[in-house]
Amino acid sequence: MSAAPDATASPSLLARVRKTPFWVQIVAGLVLGVALGYLARAADISWLATTLETIGKTFVQLLKLAVPPLVFTAIVVSVANLRNVTNAARLAGRTLLWFLITSLIAVAIGLGLGLLTNPGQGTELSTEGLKAPKSAGTWVDFLTGIIPTNIVTSFTEVNVLQIVFLAVVVGAAIIKLGDKAAPVLKLNETVLELTQTALWWVIRLSPLGTLGLIGKSVAKYGWDLLEPFATLTADVYIGCALVLFVVYSLLLKFVGGLNPLNFFKGAWPAIQLAFVSRSSVGTLPVTRRVTERLGVPSDYASFAVPFGATTKMDGCAAIYPSLAAIFVAQVYGVHLGIGDYLLIAFVSVIGSAATAGLTGAIVMLTLTLSTLGLPLEGVGLLLAIDPILDMVRTATNVAGQVVTPIIVAAREGILDRTAYNNPTGDLLAEPVTIPAQASAKARVAA
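What you see is a predicted model; the values in this text were computed from it and never measured. (Residues numbered from 1 in each chain as written. Predicted model: local features only at pLDDT ≥ 70, side-chain atom pairs only at ≥ 80, totals over all residues. Heavy atoms only, no water.)

A. Quick look at the environment of Val-202. Among the secondary structure elements, Val-202 is positioned in helix 9 (residues 182-203). Of the residues examined, Val-202 reaches a relative accessible area of 11% and is grouped as buried. Placed 142 residues apart in sequence, Val-202 and Val-60 show a C-alpha to C-alpha distance of 9.6 Å. Excluding anything up to four places from it in sequence, Val-202 contacts Phe-59, Leu-62 and Leu-63. (Helix = DSSP H or I, 4+ residues; strand = E, 2+ residues; numbered from the N terminus. Buried < 20%, exposed > 50% of the residue type's maximum accessible area, 1.4 Å probe, protein only. Contact = heavy atoms within 4.5 Å.)

B. Highlighting the pattern of salt bridges. Throughout the structure, instances matching the rule amount to seven salt bridges. For Arg-94, the salt bridge goes to Glu-412, with nearest N and O atoms at 3.1 Å. Here Arg-94, found in helix 5 (residues 88-117), pairs with Glu-412, found in helix 19 (residues 386-412); they are 318 residues apart in sequence, far enough to count as distant. Given the relative accessible area of 27%, Arg-94 is considered partly exposed. Taking relative accessible area as the criterion, Glu-412 reaches 21% and is therefore assigned partly exposed. With a shortest N-O distance of 2.7 Å, Asp-390 and Arg-393 are connected by a salt bridge. (Salt bridge = Lys/Arg side-chain N within 4 Å of Asp/Glu carboxyl O.)

C. Summary view of the environment of Val-107. Within the secondary structure layout, Val-107 lies in helix 5. Filtering out sequence-adjacent residues up to four positions away, Val-107 remains in contact with Ala-318, Ser-322, Ile-344, Ala-345 and Ser-348.

D. Expanded view of the environment of Gly-120. Locating Gly-120 in the fold gives a position in the loop between helix 5 and helix 6 (139-145). Gly-120 gets classed as buried once you look at its relative accessible area, which sits at 3%. Linking Gly-120 and Leu-232, residues 112 residues apart in sequence, is a C-alpha distance of 7.5 Å. Aside from chain neighbours lying at most four places away, what touches Gly-120 is Phe-327, Gln-330 and Val-331.

E. Broad picture of the packing of aromatic side chains. What the rule picks out here adds up to seven aromatic pairs. Taking 5.6 Å as the distance between ring centres and 15° as the angle between the ring planes, the aromatic pair formed by Phe-303 and Phe-307 counts as stacked. Here the residue Phe-303 and the residue Phe-307 both occupy positions in helix 14 (residues 298-311), the gap between them amounting to four residues, near one helical turn. Relative accessible area serves as the criterion here: at 9%, Phe-303 is assigned to the buried category. (Phe/Tyr/Trp six-rings, centres within 6.5 Å; stacked < 30°, edge-to-face > 60°.)

F. Focus on the nonpolar core. Grouped together as the largest cluster of nonpolar side chains are 110 residues, with contacts concentrated most on Phe-263, Leu-382 and Ile-406. The leading source of residues in this core is helix 19, at 12 residues. Apart from the residues lying within four places of it in its own chain, the contact partners of Ile-406 are Leu-252, Leu-258, Phe-263, Leu-294, Val-296, Leu-415 and Tyr-420. Counting six residues, the second-largest nonpolar core is a separate cluster that includes Met-313, Cys-316, Ala-317 and Val-347. (Core = buried A, V, L, I, M, F, W, Y, C linked by side-chain atoms within 4.5 Å.)

Purely geometric numbers; function is a separate question.
This is the structure we're talking about:
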């Protein structure tokens, strides 16, 4: 007869990992990934480099798999639920206004750093043999590309901009039809909950995904690649850090009357995940959860966060294209005047939706370069270091997607300041809820 298990026995390794805070797991994956990537590069261990690349690629593929249903259903539900929000039009307008204000500040910082440091001068980079992208981003392509010619193709090719357009139309139609469209809204809510639940399983793998993504980058590129791009890389990281830690903090303090430290305490899991996944849309469930945990009402957060995940890009669409345009112009010896810098600001603010929340900002860069008449071959110069730059860009994007609804909610008097001042609890332990369902439960309880 076997002895009964000791109730005082130490918990298993898996149990201890589950009890470890999410941010600690992410940092552990980051550190281990850098170490393994360096080992694979230094010792030329090909199988280790391949393994890290496979792990990272699989994680990103799993995130991208959920993008079409997640974006469509999240925006349909959020637009439809605006009818339950008091002063919905006012909130939507204020959200757009602050999106524009913060984007202008970000692009101004990017231009200022570029003019101060001249990132493309003295790089001695060869542009011989570089080819322009097969599809250049132009204003005509951007405007005509919003409206899909084939609904199925929009989803199969993951054209996020077209998916957003379709979702907004469907959401508005649901509001117009009222009770007749209740089954359609219910279907979207159910699919959204299913998608978020499945995606949450993927997000739990973030420490492993972090290990693979960071490890692959270190193993493949090392640090030598950054030497000719050192100034540009430093500018992008410094610019994003200024927006993330200084601009957002000042806005929270003096516009919202809030303690910035509580923001970073509550929003850090989403910022971390964005840094390693390089996908604003893939981070969407965590972004919305931390926004609600910081006191933003669920009905308003369910609109502002998905909308921001596809249009609010301070890193990818403001800081980066302004610096990259200056870099490319200096490499090719093209002089930029005051009008060109104003044009960069205009493109960065108005064309930010072209990035559409997916990994990378190539579309936004080609849109900026083509508008300025700069050689599109310059995009090829930056492709090698794009993954390194994209990490901090996406983290800045996501932070802005949380900051804006917090500021708007604070100024409108609907922010739960008690929740904002105490953003506690394990993020992974909280249940997934759909805003409409939460509202219904509240009405029943009342």
